[in-house]
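Examination of the molecular architecture
Listed here are the chains, written in short residue letters.
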Amino acid sequence: MNRIRELRVANNLTQAELAKMVNVGQNTISNWENGRTEVDQKNLETLKTFFNVSSDYLLGFSENSQSTQPIVPDVVKEGYWAFNRVEFEDLSQYEIDKLAEFSLLIKTLRKQT
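Treat the numbers as computed from the prediction; the structure is a model and nothing was measured.

How each quantity is defined
- Residues numbered from 1 in each chain as written.
- Predicted model: local features only at pLDDT ≥ 70, side-chain atom pairs only at ≥ 80, totals over all residues.
- Heavy atoms only, no water.
- Buried < 20%, exposed > 50% of the residue type's maximum accessible area, 1.4 Å probe, protein only.
- Helix = DSSP H or I, 4+ residues; strand = E, 2+ residues; numbered from the N terminus.
- Arc of directions from axis to C-beta.
- Contact = heavy atoms within 4.5 Å.
- Polar contact = N/O pair within 3.5 Å; in protein donor to acceptor, adjacent residues only side chain to side chain.
- Axes fitted to C-alpha atoms, helices over the stretch in contact; angles between N-to-C directions.
- Parallel < 35°, antiparallel > 145°, perpendicular 65-115°, else oblique.
- Nonpolar A, V, L, I, M, F, W, Y, C, P; charged D, E, K, R; others polar.
- Core = buried A, V, L, I, M, F, W, Y, C linked by side-chain atoms within 4.5 Å.
- Patch = residues over 30% accessible without salt bridge, like charges linked within 9 Å, V, L, I, M, F, W, Y side chains within 5 Å.
- Areas by Shrake-Rupley, 256 points an atom, 1.4 Å probe, with all protein chains shown as cover.
- Salt bridge = Lys/Arg side-chain N within 4 Å of Asp/Glu carboxyl O.

A few points about helix α2 (residues 15-22)
- Every buried residue of α2 is accounted for by Gln15, Leu18, Ala19, Met21 and Val22. An end-on view of α2 places all buried positions within 165 degrees of arc, on one side of the element.
- Looking at the residues trailing α2, positive phi occurs at asparagine 23, about 65 degrees.

Encoded structure:
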């Protein structure tokens, strides 16, 4: 899947970093990028949400990368993937922004201890 590689590189991520963010092994990312295996539905949902692109774009069926998903601030991406995607699908952009602020507060408090 060249789109996965393109999106990963565009976001300055290594295969290992992307693998950690989407909770798969680095070999899985390599296999997807080199066309050795296909992305299953669960991982497709994870990747399209992570990169904020449509499934059709990710699969190469469309040149339109637009997604209807809210944009998750970088500060919460790592924590965001610790939860099931369903936990966030009905949150507004305002609520997601508040989660980002809360995440920053937690990181600040952690540094102080």
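Description of the environment of glutamine 15
- Examined against the element boundaries, glutamine 15 turns out to sit in helix α2.
- Owing to a relative accessible area of 17%, glutamine 15 belongs among the buried residues under this scheme.
- Spatially, the C-alpha atoms of glutamine 15 and threonine 28 are 9.1 Å apart, while their sequence positions differ by 13 residues.
- Non-local contacts of glutamine 15, meaning those with residues more than four positions away in its chain, are made with Arg8, Gln26, Ile29, Ser30 and Glu33.

A closer look at helix α4 (residues 41-51)
- Among the eleven residues in α4, eight count as buried, and that is most of the element.
- Every buried residue of α4 is accounted for by Asn43, Leu44, Thr46, Leu47, Lys48, Thr49, Phe50 and Phe51.
- Positive backbone phi, approximately 55 degrees, marks asparagine 52, located one or two places after α4.

A look at the side chain of threonine 49
- Locating threonine 49 in the fold gives a position in helix α4.
- With a relative accessible area of 5%, threonine 49 lands in the buried category.
- Here the side chain of threonine 49 touches glutamate 45 through a polar contact of 2.8 Å, landing on its backbone oxygen.

Things to note about the packing of α2 against α4
- For the pair α2 and α4, interaxial distance at closest approach is 10 Å and the crossing angle is 110 degrees. Overall, the two elements α2 and α4 adopt an arrangement that is roughly perpendicular. Counting all contacts with α2, which are made through Leu18, Met21 and Val22, the residues of α4 involved are Asn43, Thr46, Leu47, Phe50 and Phe51.
- Of the residues assigned to the contact of α2 with α4, the class counts are six nonpolar, two polar and no charged.

A few points about the nonpolar core
- Counting 18 residues, the largest nonpolar core has Leu18 and Leu47 as its most contacted members.
- Other than its neighbours up to four places away in sequence, leucine 47 contacts Ile4, Leu18, Val22, Trp32, Val39 and Leu58.

Quick word on a nonpolar patch on the surface
- On the surface, Phe102, Leu105, Ile106 and Leu109 cluster together into a nonpolar patch covering about 370 Å² of accessible area.
- Along the chain, the position of leucine 109 falls in helix α7 (residues 93-112).

Describing the side chain of arginine 3
- Considering the arrangement of structural elements, one finds arginine 3 in helix α1 (residues 2-10).
- A polar contact is formed between the side chain of arginine 3 and the backbone oxygen of tyrosine 57, at a distance of 2.5 Å.
- Residues within four places of arginine 3 in sequence aside, it is in contact with Tyr57, Leu58, Gly60, Ser62 and Glu63.

Coordinates in, geometry out; function isn't part of it.
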